[in-house]
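Coordinate inspection notes
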Amino acid sequence: MALDTLDYSVLVALAAAVIAYYTKGSLWANGDKQDTTVQSTSRDIIETVQSNNKNYLVFYGSQTGTAEDYAHKFAKELKSKFKLNVMVADLEDYDFDNLNDLSIPVSFFISTYGEGDYPDPAVPFEEHLQSLVEGDLEQFKYTLFGLGNTTYEFYNAAAEKTHNALKQAGATILGEFGKGDDGAGTLDEDYLAWKEAVFEVLKSYLHLDEFDAEFEPSLELTRLSQGDYDQEKIFLGEPDKSYLDPTANLSLGPFDHAHPYLAPISTTKELFNSKDRSAIHLEFDLSQTNLRYSSGDHIAIWPSNSEEKLSHFLQMTGLATVQDQVISLKPLDSTVVIPFPSPTTVETIFRHYKEISGPVSRQILGNLKQFAPTSKAHDEAERLSKDKNAFANEVHAHKYNLAEVLSLLSEGQPWSVSLEFLVESISTLQPRYYSISSSSLLDKTSIHVTAVVEADQFEDRLITGVTTNLLRHIQLNQNKSTTEPHLHYNLDGPRGKYVNKLPVHVRRSTFRLPSNTSIPVIMIGPGTGVAPFRGFVRDRYKLAESKDAEQFGKMLLFYGSRSSTEDFLYEDEWVEYSKSLGSSFELITAFSRESAKKVYVQHRLWERKEEVFALLEKGAFIYICGDAARMARDVHETFAEILAEGKGISKDQALDILKQFKTLNKYQEDVW
Ligand code: FAD
């Protein structure tokens, strides 16, 4: 049978998709993986270390970039203080079978994610650790710093697992196993305390001399003159090379943390009815791409910085006068990672690729003092960098960002900070994750996001979030609102390509409804925690078109917010879903500010304890989404109390049952 043109184009597209899948798009995307990843092509760690004359190795396993940042900070200091030739590497990029033959010490920076999990890129490392037996790593020396959060049940679990596995295999830890707690807001101080102690141990173990720490670049930054570059090849915020290639098909995946999809934004609306608070509903259109998702997945949105934050930053660092300067970056050796695509401009670096408005670390002040405009500013930077309490009271407590700290120290006078220093010391701007609030059954070609806008009045300023204020600006702009955004962004994006679009990628999650629709589900999602449950309910709403909804297992959704008039998310939609799903769906609301005593979701859960217990006895699955700090714990406690009372057992026994539920995936959390 002959193939017609359509058949051929389908086959070509299929072949292209298969190649893209197996090459991760590298054949034609030529994506920023190539620009930003270790240049070495070997997965043999010993070969790479030796061929680059490295005498110290720092490995990181990072989900959102924080562990990677700390790994780089640590390496930089080892280099400048002790003149070590340090290599920093992603655990994803190497094999581990010859670790025991590595003659140099290794420092690990490992974050914990989800239910005590390793970050995605470090999963092969975890698997390797599980295969180790006693004696496998008898020669191996390491230090370890875990990044975790005590508001989660499995605090620093990935680092703990690493430590135990290395110890059992006979490896020797140098110094203490360090743990940083993001939940308590002490991550930076935990790191600094651990690092000081580890440096002392390394000094004596490796017989190191200590030098005055001076910034030593790992990258060669060249300032280009007109004529040295082709304007069309300058990155103006594009995430990777394929975005500069007019022939590249940007709608064909795979899409991931190295290559996002530039997704059209089809709809935006304000969800709150409030003068002071805002939440955005936003829909990305997937009709022109092969990007797909499942209900319960996360979408990563790639933000940029606002005009206000950018101009203050450029002004205070002294870079405003050179913001149009084109620069290129080259690694000084083949193991160094280039943090963003180059060549680019100074303005682009800080608009698109660097995190300029978050909290400041104490350590950076010590390094910045050399660029102070006055001796007073120099001395102040030095004092704050050395005095933990003064830094906590005078900087951290006021939530100053870098530009604000510089301004505070110099009384508003601009500094002359080295571009090289800023490029290597400031974290990369990371995509922010959102629980998808649409249904992959009902909304096959769109992804919905439900985001609460971060803008809190604090002292005399608004403390703002980067991404959510960008979403709000897009919403106000799309809907031609006369309301002023808190922050203004360049919504056109690089070369005008981002008009009504944003770069995104999808991260698969394990947060899934049971495939058997007769199993009851209990969902707890206050605030924007309701996002994935809107997707789940829409799944059932779609299924009800062809199935008898009364045959579905009961779906109970506990939702909470401040009031029924101000911030009741998707109020009208629930009515619609109820009509179609009948008695198989029920929304139970808790409005905390509508009664003398505050009512939260856990109180409503307790009020319905008989029914909840009966559903659990029928095998109900439990889902919790939203605030990890308090809500998820309070809800967990309440479930334990319901089980204890229902079964006539102790609370500890009930907690054990919940633990089993977790291992069976019958108790799932999507909390942040
Ligand atoms: P950021 O810029 O990241 O700022 C974070 C916070 O720091 C803000 O409160 C900000 O005001 C504050 N801040 C800013 N500058 C400073 C400073 N100098 N000092 C101290 N504090 C400062 N959110 C949702 O709304 N909906 C969801 O469905 C959702 N799902 C999520 C799912 C997952 C798996 C995860 C991990 C997170 C999810 N989040 C969700 C949270 C979301 O990813 C973002 O963290 C959130 O929207 C804030 O992003 P932002 O860029 O606006 O704020």
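As recorded in an unreviewed UniProt entry, the protein chain goes by NADPH--cytochrome P450 reductase and comes from Wickerhamomyces pijperi.

In this structure, Phe350, Leu368, Leu402, Trp415 and Leu422 are the most contacted members of the largest nonpolar core, which totals 43 residues. Of the residues forming this core, the biggest block, 5 residues, is contributed by helix H14 (residues 402-410). Ranked by size, the runner-up nonpolar core spans 32 residues in total, among them Ile45, Ala122, Leu132 and Leu144.

So, about the sheet that holds strand S19 (residues 555-561). Spatially, 5 strands are ordered S20-S19-S18-S21-S22 in an open sheet, and the strand pairing comes out parallel. Two strands bound the open sheet, and with one partner strand each, they are strand S20 (585-591) and strand S22 (667-671). This sheet shows a mean twist of 15° between the axes of neighbouring strands, independent of strand direction. The pairing of S19 with S20 spans 7 bridges and is classified as parallel. What sits directly across from leucine 557, in S20, is leucine 587. Packing of helix H21 (residues 631-647) onto the sheet brings it into contact with strand S18 (521-524), strand S21 (621-626) and S22, and relative to S21 it is tilted by some 160°.

As a further point, take the packing of helix H6 (residues 123-130) against helix H7 (residues 157-168). Direction vectors running N to C along H6 and H7 enclose 35°, while the axes themselves pass 9 Å from each other. Here H6 and H7 pass one another in a crossing that is left-handed. Of the residues in H7, those in contact with Phe125, Glu126 and Leu129 of H6 are Lys161, Thr162, Ala165 and Leu166. Taken together, the residues of the contact of H6 with H7 break down into 4 nonpolar, 1 polar and 2 charged.

Residues in contact with the ligand amount to 26 residues; listed here are only the nearest, Tyr433, Tyr434, Glu454, Thr467 and Thr468. With respect to the ligand, the backbone of proline 359 contributes an N or O atom lying 3.5 Å from a nitrogen atom. When the ligand sits alone it has 980 Å² of accessible area, and the protein chains cover 79% of it. Listed by contribution, the elements that provide at least two residues to the shell around the ligand are strand S13 (432-435), strand S14 (446-452), strand S16 (461-464) and helix H16 (466-478).

Attention now moves to the UniProt feature "binding site: FAD" (unreviewed entry) in the protein chain. Using the residue numbers shown here, the UniProt feature "binding site: FAD" (unreviewed entry) corresponds to Arg432, Tyr433, Tyr434, Ser435, Thr450, Ala451, Val452, Gly465, Val466, Thr467, Thr468 and Trp672. Along the polypeptide, tyrosine 433 turns up in strand S13. The exposure class assigned to tyrosine 433 is partly exposed, which follows from its relative accessible area of 25%. The residues touching tyrosine 433, leaving out its near neighbours within four places in the chain, are Thr64, His298, Ile299, Ala300, His505 and Arg507. A distance of 3.5 Å separates polar atoms of two side chains, one belonging to tyrosine 433 and the other to arginine 507. Structurally, the position occupied by glycine 465 is in the loop between S16 and H16. When neighbours within four sequence positions are excluded, glycine 465 is seen to be in contact with Glu454, Leu487 and Tyr489.

In this structure, proline 254 follows glycine 253 across a cis peptide bond, with omega equal to 5°. In this fold, proline 254 is placed in the loop between strand S7 (219-224) and strand S8 (261-270). In this model, serine 342 is joined to proline 343 through a cis peptide bond whose omega is 5°. Looking at the element boundaries, proline 343 is found in the loop between strand S11 (326-331) and strand S12 (344-345). Located in the positive-phi region is asparagine 156, a residue other than glycine, with phi close to 50°. When you line up the elements, asparagine 156 lands in the loop between strand S4 (141-148) and H7. By relative accessible area, asparagine 156 is classed as buried at 0%. The phi dihedral of glutamate 459 falls on the positive side, at around 50°, and the residue is not glycine. Tracing the sequence through the fold places glutamate 459 in the loop between strand S15 (455-458) and S16. Relative accessible area serves as the criterion here: at 44%, glutamate 459 is assigned to the partly exposed category.

Parameters and conventions
- Residues numbered from 1 in each chain as written.
- Predicted model: local features only at pLDDT ≥ 70, side-chain atom pairs only at ≥ 80, totals over all residues.
- Heavy atoms only, no water.
- Core = buried A, V, L, I, M, F, W, Y, C linked by side-chain atoms within 4.5 Å.
- Buried < 20%, exposed > 50% of the residue type's maximum accessible area, 1.4 Å probe, protein only.
- Helix = DSSP H or I, 4+ residues; strand = E, 2+ residues; numbered from the N terminus.
- Pairing = 2+ DSSP bridges.
- Axes fitted to C-alpha atoms, helices over the stretch in contact; angles between N-to-C directions.
- Contact = heavy atoms within 4.5 Å.
- Left-handed = near helix turned anticlockwise from the far one by under 90°.
- Nonpolar A, V, L, I, M, F, W, Y, C, P; charged D, E, K, R; others polar.
- Near = heavy atom within 4 Å.
- Polar contact = N/O pair within 3.5 Å; in protein donor to acceptor, adjacent residues only side chain to side chain.
- Areas by Shrake-Rupley, 256 points an atom, 1.4 Å probe, with all protein chains shown as cover.
- UniProt positions renumbered as here; feature names shortened; annotations may be inferred.

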